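Topology and contacts: notes
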Amino acid sequence: QVQLVESGGGLVQAGDSLRLSCAASGRTFVIDAMGWFRQAPGKEREFVAAITWNGGITYYADSVKGRFTISRDNAKSTVYLQMNSLKPEDTALYYCAADRGPRFSALVGAYDYWGQGTQVTVSS
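Notes on the structure follow. (Residues numbered from 1 in each chain as written. Predicted model: local features only at pLDDT ≥ 70, side-chain atom pairs only at ≥ 80, totals over all residues. Heavy atoms only, no water.)

Now for the overall build of the protein. Summing up its helical and strand segments, the protein has 0 helices and 11 strands in all. When the helices and strands of the protein are read in sequence order from the N terminus, they spell out β-β-β-β-β-β-β-β-β-β-β. For the C-alpha atoms alone, the extent of the protein along its principal axes is close to 40 × 25 × 25 Å. Burial statistics for the protein: of 124 residues in total, 43% are counted as buried. In the protein, of all internal contacts separated by at least 6 residues, the share reaching a separation of at least 24 is 56%. (Helix = DSSP H or I, 4+ residues; strand = E, 2+ residues; numbered from the N terminus. Buried < 20%, exposed > 50% of the residue type's maximum accessible area, 1.4 Å probe, protein only. Contact = heavy atoms within 4.5 Å.)

What follows is the structure in structure tokens.
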């Protein structure tokens with residue numbers, strides 16, 4: 001099993017920045033990629049960004065491209081999401097997820113392990 005714990009959420013104003021962290025523990029050697037997803041009230045969970053664990057290849061949703069950056073620290077088994085120029089529509093519960101692979105995916109169903117989520121609220 002892999003355990004994921006997110007942190008770094010909070011209440012900010014439009015235009016501000018936040019950095020989310022996700023620490024992985026347990027059988028981390030099975031992780032092929034990690035991703036961030038978000039879910040706003042009344043909406044489906046949606047893909048935000050993902051990164052491969054070894055090659056550092058990244059992929060972003062169009063809605064966050066140019067504003068968000070995903071990165072990882074393999075030594076710490078931690079993935080980050082730097083969020084800049086936040087907008088009210090970014091308000092959601094943000095989840096970290098781990099994928100055993102082998103295909104790099106933006107689909108919710110492709111990810112095997114999930115954290116509990118961290119709330120991000122952006123006021124206008």
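Resuming the write-up.
The next subject is the state of the cysteines. This model, assessed by the stated rule, comprises 1 disulfide. Note that C22 is cross-linked by a disulfide to C96, the S-S spacing being 2.0 Å. Around the S-S axis, the bridge from C22 to C96 shows a dihedral of about -80 degrees and counts as left-handed. Of this pair, C22 sits in strand β3 (residues 18–26) while C96 sits in strand β9 (residues 92–99), and the two are 74 residues apart along the sequence. Just as C22 is buried, C96 falls in that class too. (Disulfide = S-S within 2.5 Å.)

Moving on to the nonpolar core. Counting 36 residues, the largest nonpolar core has L4, M34, W36, L81, M83 and Y94 as its most contacted members. Breaking this core down by element, the ones donating at least two residues are β1 (2–7), β3, β4 (33–39), β5 (46–52), β7 (68–73), β8 (78–83), β9 and β11 (118–123). (Core = buried A, V, L, I, M, F, W, Y, C linked by side-chain atoms within 4.5 Å.)

A few words on the pattern of salt bridges. Pairing of side chains with opposite charge becomes possible as their charged atoms draw close. One pass over the full model with this rule turns up 5 salt bridges. Taking the shortest distance from any N to any O, the salt bridge between R67 and D90 comes out at 2.8 Å. Taken together, the residues span a long stretch of sequence, with R67 in the loop between β6 (58–60) and β7 and D90 in the loop between β8 and β9 at a distance of 23 residues. For the pair formed by R67 and D90, the shared burial category is buried. It is possible to trace a salt-bridge network through shared partners that takes in R38, E46, R67 and D90. (Salt bridge = Lys/Arg side-chain N within 4 Å of Asp/Glu carboxyl O.)

With that settled, the discussion passes to unusual backbone geometry. Between G101 and P102 the backbone carries a cis peptide bond, its omega angle lying at 5 degrees. Along the chain, the position of P102 falls in the loop between β9 and β10 (113–114). Positive phi is not limited to glycine here, since S85 has a value of about 50 degrees. In this fold, S85 is placed in the loop between β8 and β9. Assessed through its relative accessible area of 42%, S85 is described here as partly exposed.

Right, let's get into the packing of aromatic side chains. For the coordinates displayed, the defined rule picks out 6 aromatic pairs. Their ring planes at 75 degrees and their centres at 5.7 Å tell us that F37 and F47 sit as a pair that is edge-to-face. Linking F37 in strand β4 with F47 in strand β5, this pair joins segments that are 10 residues apart in sequence. Plain terms: the ring middles of Y95 and W114 are 6.4 Å apart, the flat faces sit at 80 degrees to each other, and that makes the pair edge-to-face. One end of the pair, Y95, is in strand β9; the other, W114, is in strand β10, with 19 residues separating them in the sequence. In this structure Y95 comes out as buried when scored by relative accessible area, which is 11%. Put simply, the rings of F37, F47, Y59, Y95, Y111 and W114 touch in pairs and so form one group of aromatic residues. The aromatic ring of W114 is capped on one face by R45, whose charged end is 4.9 Å from the ring centroid. (Phe/Tyr/Trp six-rings, centres within 6.5 Å; stacked < 30°, edge-to-face > 60°. Lys NZ or Arg CZ within 6 Å of the ring centre and 35° of its normal.)

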